[in-house]
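Inside the fold
Residues per chain are reported as follows:
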Amino acid sequence: MPKSYSDQEREYIVKRLKEEAAKCLSQYGVRRTTVDELVQRVGIPKGTFYLFYKSKELLLFEVIQDQHEAINKELSNALSKTAVKGFSADTVTNLIFEFFKKTEEMPILKLLDTDEVELLVRKLPREVVEAHFQDDTDTIEQMLSMFPIKKNVDVKVVSAAFHAVYFATLHKNDIGEENYDEALRLLIYGIVTQMMK
């Protein structure tokens, strides 16, 4: 019979699992992070892990999501402050560019190459991936509501365009580091100028 945990114990175990999952992701990536390693680091039985997460991929995705949400919040706050001063395509481009650069520098996301991201997405339940993309679309819609956009802008298309930019960041070496920053800025500027009034 599985052990029951108090709310405080559950909160602590989830916190510790996320901390160690973040470290393992940074050290090993998705493939080489194992449930055995995680439970050993946290000091819980393997069966207890599955009381909290159905798979290591769901835990790893939640860790990445937490960092993603922190950056989105930061971007949203920056956009709110800029809204007071007034927007220009250059200002919005610079903010979004900085957002992508911060994302690149996050230790966890730095280690995730295209294969790792694709592996993780493939192993996640379809509804989790769909909920993530819907959440991204909702976040982008909320951010777009802060500044003047063209009437017929389809938020889903804008969201998909920013997802495409994110996936391009995973191919920095293929793009070529000497042109990468300017190419990234150009892609973002193209999206911004097509959606702003």
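Describing the packing of helix α5 (residues 89-105) against helix α11 (residues 177-195)
Between α5 and α11, the shortest axis-to-axis distance is 9 Å and the interhelical angle comes to 130°. Judged by the inter-axis angle, α5 sits oblique to α11. The hand of the α5/α11 crossing is right-handed. Along its contact with α5, which presents Ala 89, Asp 90, Val 92, Thr 93, Asn 94, Ile 96, Phe 97, Phe 100, Lys 101 and Glu 104, the element α11 presents Tyr 180, Asp 181, Leu 184, Arg 185, Ile 188, Tyr 189, Val 192 and Thr 193. Partitioning the contact of α5 with α11 into residue classes produces ten nonpolar, three polar and five charged.

Some thoughts on the packing of aromatic side chains
Taken as a whole and judged by the stated rule, the model has five aromatic pairs. Where Phe 49 meets Tyr 53, the ring centres are 6.0 Å apart and the plane angle is 40°; that geometry is what we call tilted. Take Phe 49 and Tyr 53: they sit in the same class, and that class is buried. Clustering of aromatic rings is evident, with ring pairs tying together Phe 49, Tyr 50 and Tyr 53. Its end group placed over the ring of Phe 97, Arg 185 keeps NZ or CZ at 4.0 Å from the ring centre.

Side note on the pattern of salt bridges
Think of it this way: side chains of opposite charge can pair up when their charged atoms draw near. Inspection of every chain in the model, using the stated rule, returns twelve salt bridges. Arg 16 serves as the salt-bridge partner of Glu 19, at 2.9 Å between the closest nitrogen and oxygen. With Glu 19 and Arg 16 both in helix α1 (residues 7-32) and three residues apart, this pair spans about one turn of that helix. Here Glu 19 falls in the partly exposed class, since its relative accessible area comes to 30%. Residue class for Arg 16 comes out buried when judged on its relative accessible area of 15%. Lys 46 is the partner of Asp 36 in a salt bridge, and the nearest nitrogen-oxygen pair spans 3.0 Å.

Topic: the side chain of Thr 137
Inspection of the secondary structure puts Thr 137 in helix α8 (residues 126-144). We classify Thr 137 as buried; its relative accessible area is 10%. A distance of 3.2 Å separates the side chain of Thr 137 from the side chain of Ser 159, its partner in a polar contact. Filtering out sequence-adjacent residues up to four positions away, Thr 137 remains in contact with Val 155, Lys 156 and Ser 159.

Comments concerning the nonpolar core
The nonpolar side chains of a soluble globular protein tend to be buried with one another. In this structure, Phe 100, Phe 147, Val 158, Phe 162, Ile 188, Val 192 and Met 195 are the most contacted members of the largest nonpolar core, which totals 28 residues. If one sorts the elements of this core by residue count, α5 sits on top with seven residues. For Phe 147, the residues in contact, after removing those within four places along its chain, are Leu 79, Phe 87, Val 92, Met 195 and Met 196. Membership of the second largest hydrophobic core comes to 26 residues, among which are Ala 22, Phe 52, Phe 61 and Val 63.

Reading the values: the criteria
- Residues numbered from 1 in each chain as written.
- Predicted model: local features only at pLDDT ≥ 70, side-chain atom pairs only at ≥ 80, totals over all residues.
- Heavy atoms only, no water.
- Axes fitted to C-alpha atoms, helices over the stretch in contact; angles between N-to-C directions.
- Helix = DSSP H or I, 4+ residues; strand = E, 2+ residues; numbered from the N terminus.
- Parallel < 35°, antiparallel > 145°, perpendicular 65-115°, else oblique.
- Left-handed = near helix turned anticlockwise from the far one by under 90°.
- Contact = heavy atoms within 4.5 Å.
- Nonpolar A, V, L, I, M, F, W, Y, C, P; charged D, E, K, R; others polar.
- Phe/Tyr/Trp six-rings, centres within 6.5 Å; stacked < 30°, edge-to-face > 60°.
- Buried < 20%, exposed > 50% of the residue type's maximum accessible area, 1.4 Å probe, protein only.
- Lys NZ or Arg CZ within 6 Å of the ring centre and 35° of its normal.
- Salt bridge = Lys/Arg side-chain N within 4 Å of Asp/Glu carboxyl O.
- Polar contact = N/O pair within 3.5 Å; in protein donor to acceptor, adjacent residues only side chain to side chain.
- Core = buried A, V, L, I, M, F, W, Y, C linked by side-chain atoms within 4.5 Å.

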